[in-house]
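Survey of secondary and tertiary structure
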Amino acid sequence: MSDAGARRPKLAVWKFASCDGCQLSLLDLEDELLALPERIDVAYFLEASRATVEGPYDISLVEGSVTTPADAERIREVRRVSRRLVTIGACATAGGIQGLRNFAEVEEFVSAVYATPSYISTLATSTPISDHVAVDFELHGCPVDRHQLLEVLLAFLAERRPAIPNYSVCVECKRRGNVCVMVAHGTPCLGPVTHAGCGAICPAHDRGCYGCFGPMETPNTASLSGWMRGLGAETPDLIDAYRSFNANAPAFRAAGEQAGEAR
Amino acid sequence: MSTDNSTRRIETSYLARVEGEGAMHVRLRGEEVEAVELRIFEPPRLFEALLRGRDLGEAPDITARICGICPVAYQTSACQAMEDALGIEVEGPLRTLRRLIYCGEWVESHCLHLYMLHAPDFLGYESGFAMARDHREVVERGLRAKKAGNRLIETVGGRAVHPINVRVGGFYKAPTRRALEELRPELERCREEALQTVRWTAALEFPELERDYELVCLRSERGDEYPIDRGGIVSSRGIDVAPAEFDATFEEEQVPHSTALHARVRGRGAYLTGPLARFNLNRERLSPLAVEAAAEAGIGAGCRNPFRSIVVRAVEILYAFDEALRLIDAYEEPDAPAVEAEPRAAVGHGVSEAPRGLLYHRYEIDADGRIVTARIVPPTSQNQRSIEEDLREFVAANTALPDEDLRHRCEQTIRNYDPCISCSTHFLKLEVERL
């Protein structure tokens, strides 16, 4: 896919344990998609193309978590051939929903699904990419927001820092002019401790935020847990609220453990 | 890939343009096909285990994450299984919305597959990007339709990938009539263009392959409804059962070469689910516009060539636009966005037609509304056996093809199914080995 003129940066998209939803967000940029190859050489993107170009790659997008011995090796190889490595989504940045195995016995999990567990090769844990290799940028969300994904790509092309705000969903919610579901309806909401990026879509639909973008920077989970108990949340509900798509993000992991200890 | 006098082995380590990861292995001894294995090595994510102990209300959000391409299918089957357990029915405008958001997903998923993943095979391109260099207008039309499907999902569901507005009993907030009305001009335009897409796919060249599948899909209790969001399970060989009979009718077994379980009809064998099954068993229930387009495309009397599934998908895209417009016309804003119910200990079953086929969920819940056991049977694991049989038949008839051509055709044979390997709740590389 080489064109005459200036060399276009080479993009690779890699998949580990995941649902494909984050790389699909790239294909969901319907208005920008066909212009993409004019600026970027889509060198390795198996979901979209059987043509592959050898590395090294200027930028690698990595979706998914590490859950098998083979993948723990593969991510090192991906790092080796990538000048910049950006992880996208809750699986790649926090281990994803499959990270719930980290709170259980994986052998028991496997035997609950498969009649012959010995055929299945899997690790005891689901871990984020940053547990295995150095990561240049993490884009949060389950799934990532496609406009934020485009911003990250453009930023790396321009060799600048992506403009991705670190504040909470609460800020987006106020900007959007939503009525606070917690104050007005008494609905438990993770918005105060959750990373912005979704556009506060859950409160806009009369529902509490369920934390799919993971923790914001320095979240005050202890305070929020107190408020949620005040609204009638029982300990198991509180633990489950923190233990979902970003269960292994350190701040949510700690908040879930604290909720359990306060029993 | 290697060739010598006695052995021939073709290998593709990662199968491209499918969702998820898989490989194929074919072993030939002379002209004899010894083995065909579709290997799915998508890392197991163990959803059925991790769902245990969670609140029943979380099932739609958690199971959506099985597949980013068809989350609405997972949400719908999960909601309906829970509603079955709770003894509630979702009817009227809430059911209209459920079918409407599902139409959006059919459009989005089918357009992605048709234009970006499947059509390049027929025209000799490596990708939709490469195809767009020579067929820009065609690909742009596809992306426009896909975008309209995504806008429909966003309007009803709040987000295109993993919608947030779907819940057991209905929705968190019902969209206004006006919000849906605003979609109409674009949906009408895309319906017109979908007709062109049917004609365009019908003019492609198709390899010969007619298979006598047992076709399995849903059939609505209403005679004028093409199966999308609900129905009983029927087959071309006489199956006609309620969703609760799924396990009594089909069985799954584990094979060493795949992390996906293989399904079959009990006492028989492979079956096919997805667009070909839906179309052949329900085509008289399509809208008049879609019936006419199918007839014009030469499949009015049915279609058993898996390569022609691209034409059937084009017809289903047209139908989904037509049906979405009809549903928007019929929509009245509901009094409440959801039917509420108290938890009770029970078992529930839910089925719906994911873009790539039948999707079955079964949950056992306790008196507090916590999930005790979960079972999820995605369409691709149901189709694995049929994919392998297609490959076996296709390879046997085409052993004279050079390795590279055979490999490409085998990949295409797999892509006919739009396999979604991420749906590997329990769940491609291509090798042809010639001995």
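Residues numbered from 1 in each chain as written. Chains lettered and ligands numbered in written order. Predicted model: local features only at pLDDT ≥ 70, side-chain atom pairs only at ≥ 80, totals over all residues.

**Quick look at the overall build of chain B**
Convention followed: Runs of H or I in DSSP of at least four residues are treated as helices and runs of E of at least two as strands, each being numbered from the N terminus. We take the radius of gyration over the C-alpha atoms and set the globule estimate at 2.2 Å times the residue count to the 0.38 power. Put plainly, a residue is buried at 20 or more neighbouring C-beta atoms within 10 Å of its own, exposed at 12 or fewer, and partly exposed in between, counting only other residues' C-beta atoms, which are placed from the backbone.
The helix and strand inventory of chain B stands at 14 helices and 16 strands. Its C-alpha atoms give chain B a radius of gyration of 21 Å, near enough to 22 Å, the size a compact globule of 435 residues would have. Taken over the C-alpha atoms alone, chain B extends approximately 75 × 45 × 35 Å along its principal axes. Going through the 435 residues of chain B one by one, you find that 59% of them count as buried.

**Some details on the interface of chain A and chain B**
Defined as follows: What counts as a contact here is a pair of residues whose C-beta atoms, placed from the backbone, lie within 7 Å. Gly falls in the polar group here, along with every residue not listed as nonpolar (Ala, Val, Leu, Ile, Met, Phe, Trp, Tyr, Cys, Pro) or charged (Asp, Glu, Lys, Arg).
Taken together, the 48 residues of chain A in the interface contact 49 residues of chain B. Broken down by secondary-structure element, the contributors of at least two residues to the side of chain A that touches chain B are α1 (21–27), α5 (106–113) and α9 (201–204) of chain A. In terms of residue count, the dominant contributor to the side of chain A that touches chain B is α1 of chain A (five residues). Here the residues of the side of chain A that touches chain B are counted per class, giving 28 nonpolar, nine polar and 11 charged.

**Brief notes about the packing of helix α8 (residues 184–202) of chain B against helix α12 (residues 309–330) of chain B**
Residues and elements named next belong to chain B. Here is the rule: To obtain an axis, a line is fitted to C-alpha atoms, over the contacting stretch when the element is a helix, and the angle between two such axes runs from 0 to 180 degrees between their N-to-C directions. Note on angle classes: values under 35 degrees are labelled roughly parallel, values over 145 roughly antiparallel, values of 65 to 115 roughly perpendicular, and the remainder oblique. In this scheme, a crossing is called left-handed if the near helix is turned counterclockwise away from the far one by less than a right angle; it is called right-handed if the turn is clockwise.
Interhelical geometry of α8 versus α12 gives an angle of 160° and a closest axis separation of 9 Å. Classified by the angle their axes make, α8 and α12 are roughly antiparallel. Crossing of α8 over α12 shows left-handed handedness. Along the contact surface, α8 presents Arg184, Leu187, Glu188, Cys190, Arg191, Ala194, Leu195, Thr197, Val198, Thr201 and Ala202, while α12 presents Ile310, Val311, Ala314, Val315, Ile317, Leu318, Phe321, Asp322, Ala324, Leu325 and Ile328. When the residues that make up the contact of α8 with α12 are grouped by side-chain class, the tally is 16 nonpolar, two polar and four charged.

**What to know about the domain arrangement of chain A**
Residues and elements named next belong to chain A. For clarity, the cut-off: Domain start and stop positions are those given by an automatic or database domain assignment.
Split into domains, chain A comes out as domain 1 (10–157) and domain 2 (169–261). A C-alpha centroid distance of 25 Å is found between domain 1 and domain 2. Between domain 1 and domain 2, the residue contacts involve 15 residues of the former and 13 residues of the latter. Here the element with the most residues in the side of domain 1 that touches domain 2 is helix α4 (residues 89–94); it accounts for three residues. Residue composition of the side of domain 1 that touches domain 2, grouped by class: six nonpolar, eight polar and one charged.

**Looking at unusual backbone geometry**
All names here are of chain A. The omega torsion across glycine 55 and proline 56 is 0°, close enough to zero to call that bond cis. Inspection of the secondary structure puts proline 56 in the loop between β2 (41–45) and β3 (57–63). In this structure, the amide linkage connecting cysteine 142 to the following residue, proline 143, adopts the cis form with an omega of 5°. Structurally, proline 143 can be placed in the loop between β5 (137–139) and α6 (146–157).

**Details of α12 of chain B**
Keep this limit in mind: One less than the residue count of a helix, multiplied by 1.5 Å, gives the span that helix is expected to have.
A rise of 1.5 Å per residue sets the reference length of α12 of chain B, with its 22 residues, at 32 Å; its end C-alpha atoms lie 31 Å apart and thus fit the reference within 8%. Summarising burial for α12 of chain B: 18 of the 22 residues are buried, a large majority.

**As for the sheet that holds strand β4 (residues 82–88) of chain A**
Residue and element names in this part refer to chain A. Threshold: Any two strands are treated as partners once DSSP identifies two or more bridges connecting them.
One open sheet accounts for five strands, arranged β2-β1-β3-β4-β5; its pairing is parallel. Pairing within the sheet leaves two strands with one partner each, and these edge strands are β2 and β5. Each neighbouring strand pair of the sheet contributes to a mean axis angle of 25°, computed without reference to strand direction. As paired elements, β4 and β5 share three bridges and run parallel to each other. Across the sheet, isoleucine 88 pairs through a bridge with leucine 139, a residue of β5.

**So, the pairing of strand β14 (residues 357–365) of chain B**
All names here are of chain B. Counting buried positions along β14 gives eight out of nine residues, so the element sits mostly inside the fold. In this structure, strand β13 (residues 346–354) lies alongside β14, joined through nine bridges in antiparallel fashion. Pairing of alanine 354 across the sheet is with glycine 357, part of β14. Between β13 and β14, which pair antiparallel one after the other, the connecting turn spans two residues.

**Some points on the nonpolar core**
Here is the rule we go by: The nonpolar core is taken to be a set of buried Ala, Val, Leu, Ile, Met, Phe, Trp, Tyr and Cys residues joined by way of C-beta atoms within 7 Å.
Counting 187 residues, the largest nonpolar core has Met82, Val315 and Leu318 of chain B as the members making the most contacts within it. A total of 14 residues in this core trace back to one element, the largest contributor, which is helix α4 (residues 92–123) of chain B. Residue-level mapping places this core at the junction of two domains, with at least three residues from each of domain 1 (10–157) and domain 2 (169–261) of chain A.

**Comments concerning the packing of helix α3 (residues 71–86) of chain B against α4 of chain B**
When two helices pack together, their arrangement is given by the angle between their axes and by how far apart the axes lie. All names here are of chain B. Close contact between α3 and α4 brings their axes to 9 Å; oriented N to C, the two are set at 150°. Our classification of the angle between α3 and α4 gives roughly antiparallel. Between α3 and α4 lies a crossing of left-handed hand. Two secondary-structure elements touch here, α3 through Val72, Ala73 and Thr76 and α4 through Arg98, Ile101, Tyr102 and Glu105. A breakdown of the residues in the contact of α3 with α4 according to their chemical character gives four nonpolar, one polar and two charged.

**A word on helix α6 (residues 136–157) of chain B**
Its 22 residues give α6 of chain B an end-to-end C-alpha distance of 31 Å, which sits within 8% of 32 Å, the value for a rise of 1.5 Å per residue. Immediately downstream of α6 of chain B, the backbone of glycine 158 of chain B shows phi near 90°, a positive value.

**Quick word on the sheet that holds strand β8 (residues 232–235) of chain B**
Residues and elements named next belong to chain B. A sheet is described by the order of its strands in space; here four strands give the open sequence β9-β8-β7-β12, paired in mixed fashion. The outermost strands of the open sheet, each flanked by one partner alone, are β9 (240–241) and β12 (272–273). Sheet topology places β8 next to β9; two bridges connect them, and they run antiparallel. Across the sheet, residue isoleucine 233 finds its bridge partner in β9, namely valine 241. Contacts from helix α10 (residues 275–282) reach β7 (215–219), β8 and β12 within the one sheet, and its direction differs from that of β7 by about 65°.

**Observations regarding the confidence of the model for chain B**
All names here are of chain B. The condition is simple: Values of pLDDT, ranging from 0 to 100, describe the predictor's confidence in every residue of the model.
Of all residues in chain B, 91% attain a pLDDT of 70 or more, and the chain-wide mean is 90. Across residues 1–6, confidence stays below pLDDT 50; counting only partners more than four residues off in sequence or on other chains, it has eight contacts. Confidence drops under pLDDT 50 across residues 422–429; counting only partners more than four residues distant or on other chains, this segment forms 55 contacts. Model confidence for the complex is summarised by a pTM of 0.94, with the ipTM given as 0.96.

**A look at the environment of methionine 82 of chain B**
Residue and element names in this part refer to chain B. Relative to the helices and strands, methionine 82 resides in helix α3. For the pair formed by methionine 82 and cysteine 190, sequence separation is 108 residues and the distance between their alpha carbons is 35 Å. Filtering out sequence-adjacent residues up to four positions away, methionine 82 remains in contact with Leu56, Ala59, Val168, Gly348 and Tyr363.

**A closer look at the environment of arginine 237 of chain B**
All names here are of chain B. With respect to the helices and strands, arginine 237 occurs in the loop between β8 and β9. For arginine 237, a count of 13 C-beta atoms within 10 Å translates into the label partly exposed. Distance from arginine 237 to valine 216, taken between C-alpha atoms, is 8.8 Å for residues 21 residues apart in sequence.

**Topic: the confidence of the model for chain A**
Of all residues in chain A, 97% attain a pLDDT of 70 or more, and the chain-wide mean is 93. Throughout residues 1–5 of chain A the model reports pLDDT below 50, and contacts reaching past four residues in sequence, or to other chains, amount to five contacts.

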